[in-house]
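# Working through the structure, step by step
What follows is each chain in one-letter form.
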Amino acid sequence: MKNTKTKVIATVMAVVIAISSLCVITAVSANAASYEGSAQAHASEKMGPMTTSVPAVTTKLNKTAKAYKFVCTGQTKKGYDWDYTADNSNIKVACKYDFKTHTYTFKFTGTAKGNTTMNFKYRLNDKTWVKVPMNFKVNAQKNITRVA
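## Observations concerning the sheet that holds strand E7 (residues 129–138)
Strand order in the open sheet formed by 4 strands is E3-E6-E7-E8, with antiparallel pairing between adjacent strands. In this open sheet, the two strands that pair with only one neighbour each are strand E3 (82–86) and strand E8 (144–146). In this sheet, adjacent strand axes meet at a mean angle of 30° when their direction is disregarded. Of the pairings in the sheet, the one linking strand E6 (residues 114–123) to E7 comprises 10 bridges and is antiparallel in character. Pairing of Thr117 across the sheet is with Asn135, part of E7.

## A look at the pattern of salt bridges
In the structure shown here, the tally under the stated rule is 1 salt bridge. Among the ionic pairs, Arg123 bridges to Asp81, the shortest N-O distance being 3.6 Å. Separated by 42 residues along the polypeptide, Arg123 in strand E6 and Asp81 in the loop between strand E2 (67–73) and E3 bring together distant segments of the chain. On the basis of relative accessible area, Arg123 is assigned to the buried category, the value being 18%.

How each quantity is defined
Residues numbered from 1 in each chain as written. Predicted model: local features only at pLDDT ≥ 70, side-chain atom pairs only at ≥ 80, totals over all residues. Heavy atoms only, no water. Pairing = 2+ DSSP bridges. Helix = DSSP H or I, 4+ residues; strand = E, 2+ residues; numbered from the N terminus. Axes fitted to C-alpha atoms, helices over the stretch in contact; angles between N-to-C directions. Salt bridge = Lys/Arg side-chain N within 4 Å of Asp/Glu carboxyl O. Buried < 20%, exposed > 50% of the residue type's maximum accessible area, 1.4 Å probe, protein only.

Pasting the structure below:
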């Protein structure tokens, strides 16, 4: 009888310990979940923006982007013609010409950090060159800004 009484007491104690442990685990889990929720809810207030996105292309002066786009029109007997000189080689220039609309679309991209003064020109017609002086800044991430 003594042995049975000990087994009953041990079983009751095991059940009490199991229930207590389950309550503690549930309370800790609930508390952790509410902490995560509050941390996520207030993260933007505490940290602010992590990164600023740089647009892929801009046509505006003094606006930093991955590339600067310049659009103009002109037509020669051969279609189109353009040229430039620059005091620095940290800018790459590409041109797409639409023969239907006679539109030039120039894309300027930075290849290295630095400032560039450029004498850019394109043909309006067979006799007329249009000169467009341009100044660029390229930052360390090769983002470009046309400043004039």
